[in-house]
Amino acid sequence: MTATISYDHPLKTLEGDPVEMTDYKGKLLLIVNVASRCGFTPQYEGLQKLYDIYKDRGFEILGFPCNQFLAQEPGTEEEIREFCSSVYGVSFPIFRKIDVNGEERHPLYAELEAFADHKGIDGDVQWNFEKFLVAPGGEVVGRFRTKMVPEHDVLIGAIEKHLPE
């Protein structure tokens, strides 16, 4: 199934500043639900490397802390910012904590979850560090489950294929 996101979702940075999704229109987006106390948390390092390589070519990573998976993101916004900066040197945008599943699911994730992964499975995010690749026109072009590390050739190939011209 083809899924397209709308850009009318209001977002807030960890610091509480409002951000419009339209600020990211025309860019290739990797949207990731993140957590600081998860076995997959070291993926922050690979995500930062991707960001460093492709950020000047119209690529953005949007990180959304989520505490829905065994409470692995219990921190405050300040604690999350400090952890991301001091431990992994994260410089890509990290937003306020959201729900990615359930009744309080953020509307952006309601749209993203309509897109199936390579096995044809759509629906709820299964764990922390699930990744959605959104083309510059808003079409979801990839869904990569948690175990696919940012350095994986499949993910890098998809990024390179969809970078804006």
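Relevant structure appears above.
A short tour of the structure in this document, coming up.

Rules behind the numbers
- Residues numbered from 1 in each chain as written.
- Predicted model: local features only at pLDDT ≥ 70, side-chain atom pairs only at ≥ 80, totals over all residues.
- Heavy atoms only, no water.
- Helix = DSSP H or I, 4+ residues; strand = E, 2+ residues; numbered from the N terminus.
- Buried < 20%, exposed > 50% of the residue type's maximum accessible area, 1.4 Å probe, protein only.
- Axes fitted to C-alpha atoms, helices over the stretch in contact; angles between N-to-C directions.
- Parallel < 35°, antiparallel > 145°, perpendicular 65-115°, else oblique.
- Contact = heavy atoms within 4.5 Å.
- Pairing = 2+ DSSP bridges.
- Core = buried A, V, L, I, M, F, W, Y, C linked by side-chain atoms within 4.5 Å.

1. Some remarks on unusual backbone geometry
The phi dihedral of L70 falls on the positive side, at around 55 degrees, and the residue is not glycine. In this structure, L70 sits in the loop between β4 (59-65) and α2 (77-88). Looking at L70, the relative accessible area reads 66%, which means it is exposed. Although it is not a glycine, F129 adopts a positive phi angle of roughly 65 degrees.

2. Let's talk about the packing of helix α1 (residues 43-54) against α2
It is at 10 Å that the axes of α1 and α2 come closest, and there the two elements cross at 75 degrees. In terms of orientation, α1 and α2 fall into the roughly perpendicular class. Across from Y44, E45 and Q48 in α1, the residues of α2 making contact are F83, C84 and Y88.

3. Side note on the pairing of strand β6 (residues 140-144)
Across the five residues that make up β6, a large majority, four, are buried. Sheet topology places strand β5 (residues 131-134) next to β6; four bridges connect them, and they run antiparallel. Residue pairing across strands places K131 opposite F144, the latter belonging to β6. Counting the residues in the hairpin turn of β5 and β6 gives five residues, including G138, whose phi is positive at 100 degrees.

4. Let's talk about the nonpolar core
Counting residues in hydrophobic clusters, the biggest one holds 25 residues, and the most contacted among them are L30, F59, I61 and I159. Those elements that provide at least two residues to this core are β3 (28-34), α1, β4, α2 and α4 (153-162). The leading source of residues in this core is α1, at five residues. Sequence-distant contacts of I61, that is, excluding residues within four places in its chain, are made with L30, V32, L47, L50, Y51, F92 and P93. Counting residues in each nonpolar core, the second largest holds 24 residues, with Y24, I98, V100 and Y109 among its members.

By themselves these figures say nothing about function.
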